[in-house]
Amino acid sequence: IVAHAESLAARFENYEPQVEDERDPAVLLALRAAVLKRSDAELAMISAIKEARAAGMSWSAIGSMVGTSGEAVRQRYADKVA
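1. Re the overall build of the protein chain
Then, number 1: Within the protein chain, the regular secondary structure consists of four helices and zero strands.
Then, number 2: Moving toward the C terminus, one meets the helices and strands of the protein chain in the order α-α-α-α.
Then, number 3: Here the C-alpha radius of gyration of the protein chain, 24 Å, is well above what a compact globule of 82 residues would show, namely 12 Å.
Then, number 4: For the protein chain, the spread of C-alpha atoms along the three principal axes comes to 65 × 35 × 20 Å.
Then, number 5: Counting only carbon and sulfur atoms, one obtains 60% of the accessible surface of the protein chain, whose full area is about 6,800 Å².
Then, number 6: Taken as two groups, the 10 positive and 12 negative side-chain charges of the protein chain have centres that lie 15 Å from each other.

So this is what it looks like as structure tokens:
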């Protein structure tokens, strides 16, 4: 373990960054923005399903609007809209 730790420490100390090692921060920002949009969309989906259930829509009808079966949408969202 000690030898491995010393090997890692040596690699760290002797590391010289190369241009090809750099990452484009714009790519990470775009990914983060997509994650936030996905989160917002999921919250909107939960809200819409909650309203649909309160209005008396069946899981089957909601599933067909979402593009899946009623059972699948019920399994995914029932606990979130309860």
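2. Notes on a nonpolar patch on the surface
Then, number 1: A surface patch of nonpolar side chains, about 290 Å² in accessible area, is lined by Leu28, Leu31 and Val35.
Then, number 2: Of the residues examined, Leu31 reaches a relative accessible area of 52% and is grouped as exposed.

3. What about the nonpolar core?
Then, number 1: Of all hydrophobic cores here, the largest spans eight residues; its members are Ile46, Ile49, Ala52, Trp59, Ile62, Val73, Tyr77 and Val81.
Then, number 2: Secondary structure elements with two or more residues in this core: helix H2 (25–54), helix H3 (59–66) and helix H4 (70–81).
Then, number 3: What Ile46 contacts, discounting residues up to four positions off in sequence, is Tyr77, Lys80 and Val81.

Conventions used here
Numbers given for residues are sequential positions, taken from 1 along each chain in its written order. Residues qualify for local features only when their pLDDT is at least 70, as the model is predicted, and side-chain atom pairs are given and counted only at 80 or more; totals for whole chains, interfaces and linings, by contrast, use all residues. Only heavy atoms go into the side-chain values, all of them from the structure, while hydrogens and water stay out. A helix here means a DSSP run of H or I that spans at least four residues, while a strand means a run of E at least two residues long, and both kinds are numbered starting from the N terminus. Each radius of gyration is computed over the set of C-alpha atoms, and the globule rule expresses the reference value as 2.2 Å times the number of residues to the power 0.38. For accessible areas, the Shrake-Rupley method is used with a probe of radius 1.4 Å. Any residue's cover is judged against the shown protein chains and nothing else. His is not counted, nor are the chain ends; Lys and Arg add positive charge and Asp and Glu add negative charge. Taken as the charge location is NZ of Lys, CZ of Arg, CG of Asp or CD of Glu. A patch consists of residues exposed above 30% relative accessible area that lack any salt bridge, with like charges linked at up to 9 Å and nonpolar side chains (Val, Leu, Ile, Met, Phe, Trp, Tyr) linked at up to 5 Å. Any Lys or Arg side-chain nitrogen located within 4 Å of an Asp or Glu carboxyl oxygen qualifies as a salt bridge. Burial classification: accessible surface area is computed with a 1.4 Å probe over protein chains only, and a residue below 20% of its type maximum counts as buried, one above 50% as exposed, and the rest as partly exposed. Put simply, a nonpolar core is a bunch of buried Ala, Val, Leu, Ile, Met, Phe, Trp, Tyr and Cys residues held in one set by side-chain atoms that sit within 4.5 Å of each other. Any pair of residues with heavy atoms lying within 4.5 Å of one another is described as a contacting pair.

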